[in-house]
Amino acid sequence: MKNFILYMLVPLFILSACKKKDIDDPEIPVIEASGGLITWSPDFPNSEDALTITFDATKGNGGLKDVSGNIYMHAGVITDKSTGSSDWKYVKSSSFNTPDPAVVMTPLGNNLFKISLSPRSFFQVPAAEKILKIALLFRNADGSKVARNTDNSDIYLPITQAGAIDVRFVNPEFSPTYVPTAAVQVKTSGEELKISARASRASNLTLYLNGTEIATASNTSAISASTKVQGTGTQVVKVVATSAGATAESSFSFTVNGNVEVAELPSGAKEGVTFINNGRSAIFHLYAPGKQFAYVAGDFNDWKPEAAQYMKKTPDGKSWWVQVDNLDPAKEYAYQYWVDGTLKVADPYSEKILDPSNDTYIPSSVYPNLKAYPQGKTTGNVSVIHAQSPKYSWKNNTFRRPDTKDLVIYELHLRDFVGTHNYSTLTDTLNYLSRLGVNAIELMPVKEFEGNSSWGYNPSFFFAADKYYGTKAALQQLIDECHSRGIAVILDMVLNHAFGQSPMVQLYFNQGAGKPATNSPWFNADPTHPYNVGYDFNHESPDTKRFVKNVLKFWMEEYKVDGFRFDLSKGFTQKNSGTSDVAVNAWSAYDASRVQIWKDYNSYIRSIDPEFYVILEHFAADQEEKELSDEGMMFWNNLNHSYNEGTMGYVNNSDLSRAFYDKHGFTKPYNLITYMESHDEERLMFKNLQYGAVSGNYSVKDLPTALKRQELAAAFFFTIPGPKMIWQFGELGYDKSIEENGRTGEKPILWQYNSDSRRKALYNVYARLISLKKNNAVFASTDFQYNLTGGIKTITLKSASMNVVVVGNFEVTAKQASVAFPQGGTWYDHFSGTTTTVSGGSLTLDLQPGEYHIYSSAPLK
């Protein structure tokens, strides 16, 4: 007989129940129900029952496997008032990021944990409201590690209504998703299929395969059968329970596959989806070497794995493709790839995804007319395509990027910058940034990441703009408007790693080990360096290199961005230095293979756009950074500690010398992006006010003094040649700690600071200094001297048109200083508007604490 592949790909679990008359039921023993990831007792709990839930950390996504410390349940309920799977009611835990003794799990050993509760009283659900499911997941104390289903969806435990009859399958095992899904497969036609089911009370039970009765049992709570599966196509297993006129049933379906056809990929079919025939057909292309079979399922086939969507395999065995016809070009279609009978994944090349757990929390004002998730049809994230998706019409096609010597970057996190957290509001706020004078914005990651409220360094889909911030067109409009104002846009590009929602992670994942499988085309099974989060890309893999280049090209061309800041660029290495903190020095040492990786990526970017900004968050040996700088790459230069020591008045550790490129051995003067603050550092003003030095009546802890110290720092920041970066609201003296509400948690948005005259004075100083930097060539000079190690700091800049001397007192006491000037004569004090005469090559100044001056030999513009 011909062999076929059989798999339980579409478990369409349909459950109905109705109330029945009171009858005397035989006693049914308490048993334990299983979804693998969780088990619970009793098997059919109602809202009033004492319920015990046991969690197996080795199952599902393995997010808490072998994690030390307490494990906490994060849970709510789905009730008859819920609007869908993500509408959790009466969530028990007060915070996702802090320990909560009310939801701590009891450890049982061997990665098992349990908790006991009575649903209605535990969640405090009103008596009139029906509990349909308990919605839950599990986390560690700070919420940094989370256990969910294999597809990273939330976990759901069904609740049976009191007095109702209920029935469910025991074998095959079902995953505890919102619509429970079968977790096992039958591999060949003619293979034995074992089925068992259980009812909530003694009933007459019948099992059906494709409508044909295969087993019956009377006045019992359990039934089982074994049958051989024949034929091809979709097949349905159903169990029906009846008792005293009440009926309940559940079912699942699976598909028997034919042989896989081997065929060349059609010409022009890119990875992802390629529309043809004016959008009435589409070629779906999934790169998945070594897989056995795959379907594409979606709105176009009612989410059923039909033969017409059974994917062909390319002769090299690496790619899968199928052409889907009879599409409506004006319609959005959701879809997934269903691979090897065990996995449903969205398309790695998706430009838009639907997330059943998070999309309902995105306001329509941020993302209008968002397509609804196909509830009840599938689980996990799904991709969306639209042949006639409106194309943005760019207004500005003549934008010239600022020269790197004049670059002043404003790093911002959209969530914590405008209360609406959307691109449109940021577009409306650009006047504020234009008045400040910055000529580039660096957006923290905007690619689709896990959850909604996040810094964005947990990416999952690399071609999709995260919907929490708005539509694709809104992001394009923001970039277009920035260009119209002379502002470049730089994206924070996270390509060191991906997180568990990534289809690329899921396609090759070792569930037992909780990490990527060794045959992953893209990821290391174990990270090769410290500070890694998520799953570590292998940047020596040709598949990773191709994927990364496709990502870079897409954002450069589709969004017309002007630069990338590459997060954790030092992690692009296969040299295994270990992952502990003590390995940081070894990891930072010169790495020839990493240098070649970056030269390759940089060369590719410049083949598309020679003037594109390539910025690395590298922090490696100066030798390595110098070599890459010679190729035109720029580097983050973190002087947060030194500047903050200076602003607080602790001058012994306030050396600012490495703000100058020569201290790094660079020969390219404008490839070092110095910053006093970034998203990753403590805010200067917070430490000024908390820990500032005090001397007599002079206290850095006083707000006016602390703000004046920020002016002093700014004078020794913007005047140093080379590009500079500001972190959002630093110009207003933002003083909330990075640790408020957790390091990556939401921070207060304090636009009222802009109305505080003391803080607005700091903003005005920033604006004047930025204007000086951009409009006076002397601030790009490579002829300089500096003395930046002590309490009295000086900078001397020389150019053909003028010379500049910057002097300031970082002490908390008055100091007298003899300051060298490159020439005698009249000098202009820019901020006071006065002049002074220098004779003998120096000037003696009595400087109050925090006092600073910018002198020039000719008036500054």
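Report on the accompanying structure. (Residues numbered from 1 in each chain as written. Predicted model: local features only at pLDDT ≥ 70, side-chain atom pairs only at ≥ 80, totals over all residues. Heavy atoms only, no water.)

Strand order in the closed barrel formed by eight strands is 27-28-31-36-37-38-39-42, and the pairing between neighbours is parallel. Sheet twist, expressed as the mean angle between neighbouring strand axes with direction ignored, is 25°. Of the strand pairs in this sheet, strand 36 (residues 563-566) and strand 37 (residues 613-616) are connected by four bridges, and their pairing is parallel. Paired with F566 across the bridge in strand 37 is L616. Strands in contact with helix 9 (residues 592-608) are strand 36 and strand 37; relative to strand 37, the strand with the most contacts, it is inclined by about 160°. (Pairing = 2+ DSSP bridges. Helix = DSSP H or I, 4+ residues; strand = E, 2+ residues; numbered from the N terminus. Axes fitted to C-alpha atoms, helices over the stretch in contact; angles between N-to-C directions. Contact = heavy atoms within 4.5 Å.)

Our focus in this paragraph is the sheet that holds strand 19 (residues 281-287). A sheet is described by the order of its strands in space; here four strands give the open sequence 18-19-22-21, paired in antiparallel fashion. Edge positions in the sheet fall to strand 18 (272-276) and strand 21 (312-313), since each of these pairs with one other strand and no more. Inspection of the sheet shows strand 19 paired to strand 22 (residues 319-324) by six bridges, in the antiparallel sense. Directly across from F284, in strand 22, lies its bridge partner V322.

A separate point is the environment of T518. Summarising the element assignment, T518 is placed in the loop between strand 34 (515-516) and strand 35 (535-536). The spatial distance from the C-alpha of T518 to the C-alpha of Y508 is 8.1 Å, given a sequence separation of ten residues.

Before going further, it helps to spend a moment on the nonpolar core. If you look at the biggest cluster of nonpolar residues, it comprises 143 residues, and the most contacted ones within it are F284, Y410, L443, L475, W555, F564 and F566. For this core, the leading source of residues is helix 14 (residues 757-775), giving eight residues. In this structure, W555 is in contact with V446, K447, F462, F463, A464, A465, L475, L491, M493, K560, V561 and F564, ignoring residues within four places of it in sequence. (Core = buried A, V, L, I, M, F, W, Y, C linked by side-chain atoms within 4.5 Å. Buried < 20%, exposed > 50% of the residue type's maximum accessible area, 1.4 Å probe, protein only.)

Turning to the pairing of strand 4 (residues 51-56), a few remarks are in order. With five of six residues buried, strand 4 lies mostly within the body of the structure. The pairing of strand 3 (residues 38-41) with strand 4 spans four bridges and is classified as antiparallel. Counterpart to I38 in the pairing with strand 4 is F55. Where strand 4 and strand 7 (residues 112-117) come together, six bridges link them in antiparallel fashion. Bridging across to strand 7, T54 finds its partner in K114.

What follows concerns the packing of aromatic side chains. Tallied over the full model, the rule gives 60 aromatic pairs. The interplanar angle of 15° and the centroid separation of 5.9 Å between the aromatic rings of F169 and F174 together place this pair among those described as stacked. Here F169 and F174 have matching classes, each one buried. Both rings, one in F537 and one in F547, keep their centres 6.2 Å apart while their planes meet at 25°; by these two values the pair is stacked. Taken together, the positions of F537 in the loop between strand 35 and helix 7 (542-558) and F547 in helix 7 put the pair ten residues apart, joining distant regions of the chain. Neither residue differs from the other here; F537 and F547 are each classed as buried. Grouped by ring-pair contacts, the aromatic residues Y349, F462, F463, F523, F537, F547, F554, W555 and Y559 constitute a single cluster. Over the face of the ring belonging to Y508 we find K291, whose NZ or CZ atom lies 4.3 Å from the ring centre. Lying across the ring of Y753, R759 places its NZ or CZ 3.6 Å from the centre. (Phe/Tyr/Trp six-rings, centres within 6.5 Å; stacked < 30°, edge-to-face > 60°. Lys NZ or Arg CZ within 6 Å of the ring centre and 35° of its normal.)

Moving on: the side chain of N532. Examined against the element boundaries, N532 turns out to sit in the loop between strand 34 and strand 35. Overall, the relative accessible area of 18% leaves N532 in the buried class. Only 2.9 Å separates the side chain of N532 from the side chain of N496, close enough to count as a polar contact. When near neighbours in sequence (up to four residues on either side) are disregarded, N532 contacts N496, H497 and P527. (Polar contact = N/O pair within 3.5 Å; in protein donor to acceptor, adjacent residues only side chain to side chain.)

Moving on, we come to helix 13 (residues 703-715). In this model helix 13 runs 19 Å from its N-terminal to its C-terminal C-alpha over 13 residues, within 8% of the 18 Å that 1.5 Å per residue would give. Of all the 13 residues making up helix 13, eleven are buried; the element is thus mostly covered by neighbouring parts of the structure. Where helix 13 is buried, its residues touch helix 11 (640-648), helix 12 (684-691), strand 41 (698-699), helix 14, strand 45 (803-809) and strand 50 (852-856). (Expected span 1.5 Å × (residues − 1).)

Taking 1.5 Å of rise per residue, 17 residues should cover 24 Å, and helix 9 covers 25 Å from first to last C-alpha, within 8% of that figure. Three or more residues of helix 9 are buried, namely R594, V595, I597, W598, Y601, N602, I605 and R606. All buried residues of helix 9 fall inside an arc of 160° around its axis, so they share one side. (Arc of directions from axis to C-beta.)

Attention now moves to the packing of helix 9 against helix 10 (residues 622-629). In a pair of packed helices, the angle between the axes and the distance between the axes together describe the arrangement. With their axes 10 Å apart at the nearest point, helix 9 and helix 10 run at an angle of 25° to one another. Taken together, helix 9 and helix 10 sit at an angle that is classed as roughly parallel. Here helix 9 runs over helix 10; the crossing is right-handed. Contacts between helix 9 and helix 10 involve R594, V595, W598 and K599 from the former and E624, E627 and L628 from the latter. Classifying every residue of the contact of helix 9 with helix 10 gives three nonpolar, no polar and four charged. (Parallel < 35°, antiparallel > 145°, perpendicular 65-115°, else oblique. Left-handed = near helix turned anticlockwise from the far one by under 90°. Nonpolar A, V, L, I, M, F, W, Y, C, P; charged D, E, K, R; others polar.)

Attention now goes to unusual backbone geometry. Cis geometry marks the peptide bond from S41 to P42, where omega comes out at 5°. The topology assignment puts P42 in the loop between strand 3 and strand 4. Of the consecutive residues N171 and P172, the connecting peptide bond is found in the cis state with omega at 10°. Its location among the elements puts P172 in the loop between strand 11 (167-171) and strand 12 (174-175). Although it is not a glycine, W303 sits at a positive phi angle of roughly 60°. With respect to the element layout, W303 can be found in the loop between strand 20 (294-298) and strand 21. For W303, a relative accessible area of 2% corresponds to the buried category.

A complete count under the given rule lists 39 salt bridges for this structure. Across the pair R401 and D562 runs a salt bridge whose closest N-O atoms are separated by 2.8 Å. Placement of the pair is R401 in the loop between strand 26 (382-385) and strand 27 (408-412) and D562 in the loop between helix 7 and strand 36, with a sequence separation of 161 residues. What makes R401 partly exposed here is its relative accessible area of 23%. A network of salt bridges, in which partner residues are shared, links D492, R565, D567 and E617. (Salt bridge = Lys/Arg side-chain N within 4 Å of Asp/Glu carboxyl O.)

Before going further, it helps to examine the packing of helix 12 against helix 13. Direction vectors running N to C along helix 12 and helix 13 enclose 135°, while the axes themselves pass 10 Å from each other. Taken as axis vectors, helix 12 and helix 13 run oblique relative to one another. As helix 12 runs across helix 13, the sense of the crossing is right-handed. Two secondary-structure elements touch here, helix 12 through L684, M685, N688 and L689 and helix 13 through L703, A706, L707 and Q710. The class makeup of the residues in the contact of helix 12 with helix 13 is six nonpolar, two polar and no charged.

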